[in-house]
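# A look at the structure
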Amino acid sequence: MSKSSNDRQRLRLLSANIQAGSSTRRYSDYATRSWSHVLPAGNKRGALDTIARLAGEHDIVGLNESDPGSLRSGFTNQTHYLAQRGGFDYWSHQPNRRVGGVASSANGLLSKLEPLEVTDHPLPGRIGGRGVLLARFGDGDTGLLVAVAHLSLGSQSRASQLAFIAELLHAHPHAVLMGDFNCAADRPEMQRLFRETRLQPPACEVPTFPSWRPQRAIDHILASDGLVCAEAIALPAALSDHLALSMELHIPGEALRR
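Residues numbered from 1 in each chain as written. Predicted model: local features only at pLDDT ≥ 70, side-chain atom pairs only at ≥ 80, totals over all residues. Heavy atoms only, no water.

Where an unreviewed UniProt entry is consulted, the chain appears under the name EEP domain-containing protein, with the organism given as Marilutibacter maris.

Structure follows, in structure tokens:
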């Protein structure tokens, strides 16, 4: 984090679906390497170290599919591990889904700034197990809000989830929503979010999936009109099936005032 002109703080943000440290390099790996999603095999620790180096170059990081400590991760809380390895003093996570009693998944937050408050909310949907993690960094009605979410595959469930998030962020001047949306920003269900909040559509599409041949822009960092953002860039998150998304934001000083 550094200061810029006009009492603005420059923050670097990263959104990354880390696939619990598993490796996927082609579509066939979903079948041939399916064991890596439920067993503590493969070089998951090495992948996490690579992700930690990338995360450490940022001020606030939102994680999706971070294992909170199940069999497949060797009972390692991956968000905590990344916080330690990446040099983050503050971290939080929101366990969401359990898979067959051997795997679990969470949203995670890593931060070099101390949040004033962190809350988590379950998201509606036809199938449970999705959530949004919400951190507040500035005091009062203008404080910076950062939300991390992983939305459903189905459009109807996404629509209800985005409506819920829109209520959380409604009219807030300094808000950020990031994560794996499982859809492009121009999808019909996204329009309610843009109508009912001050979040702005991305200036350009940045494909993040699949990581080995990115064609779909389904990971996003959306910022409200009270923030100034630079162009987002996609970066490898070790061998996850998603690329990570990095963006620089210029935050008004009032949004971080305590």
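## Quick look at the pairing of strand S10 (residues 219-223)
Buried residues dominate S10, accounting for five of its five residues. Alternating positions in S10 separate into two faces, Asp219, Ile221 and Ala223 on one and His220 and Leu222 on the other, with burial throughout. The sheet contact formed by strand S9 (residues 175-180) and S10 spans five bridges and is antiparallel. If you follow Asp180 over to S10, its bridge partner there is Asp219. (Buried < 20%, exposed > 50% of the residue type's maximum accessible area, 1.4 Å probe, protein only. Helix = DSSP H or I, 4+ residues; strand = E, 2+ residues; numbered from the N terminus. Pairing = 2+ DSSP bridges.)

## Some details on the side chain of Ser15
With respect to the helices, strands and loops of the structure, Ser15 is situated in strand S2 (residues 8-17). Here Gly179 takes part through its backbone nitrogen, which lies 3.2 Å from a polar atom of the side chain of Ser15. Discounting chain neighbours no more than four positions away, the residues touching Ser15 are Gly62, Met178, Gly179, His220, Ile221, Ala244 and Leu245. (Polar contact = N/O pair within 3.5 Å; in protein donor to acceptor, adjacent residues only side chain to side chain. Contact = heavy atoms within 4.5 Å.)

## Remarks on the packing of aromatic side chains
Using the criterion set out here, one finds zero aromatic pairs in the structure. Across the ring face of Phe88, the terminal group of Lys112 is positioned such that the distance to the ring centre comes to 5.2 Å. (Phe/Tyr/Trp six-rings, centres within 6.5 Å; stacked < 30°, edge-to-face > 60°. Lys NZ or Arg CZ within 6 Å of the ring centre and 35° of its normal.)

## Overview of the nonpolar core
Core analysis: the largest hydrophobic core is formed by 24 residues, its most contacted members being Leu13, Ile60, Phe137, Leu144, Val176, Leu249 and Ile251. The set of elements that each furnish at least two residues to this core consists of S2, strand S7 (131-136), strand S8 (145-150), S9, S10 and strand S13 (243-252). Top contributing element to this core by residue count: S13, with four residues. Once residues lying within four places of it in the same chain are set aside, the contact partners of Leu13 are His58, Ile60, Val176, Met178, Ile221, Leu245, Ser246, Met247 and Leu249. Listed in part, the 20 residues of the second largest apolar core include Val132, Cys183, Met190 and Leu199. (Core = buried A, V, L, I, M, F, W, Y, C linked by side-chain atoms within 4.5 Å.)

## Section: unusual backbone geometry
Across the junction of Phe209 and Pro210, the peptide omega takes the value -10°, indicating a cis bond. By the secondary structure assignment, Pro210 is in the loop between helix H5 (188-196) and S10. Although it is not a glycine, Gln19 sits at a positive phi angle of roughly 50°. Here Gln19 shows up in the loop between S2 and helix H1 (29-32). In the Ramachandran plot, Ala238 falls in the positive-phi region, its phi being about 55° despite a non-glycine side chain. Inspection of the secondary structure puts Ala238 in the loop between strand S12 (233-236) and S13.

## Overview of H5
Every buried residue belonging to H5 is among Glu189, Met190, Leu193 and Phe194, and all of these are buried. Down the axis of H5, the buried set is contained in an arc of 145°. They therefore lie on one face. Those residues of H5 that are exposed and aimed more than 90 degrees away from the buried face are Pro188 and Arg195. Taken together, the buried residues of H5 touch helix H4 (155-169), S9 and S10. (Arc of directions from axis to C-beta.)

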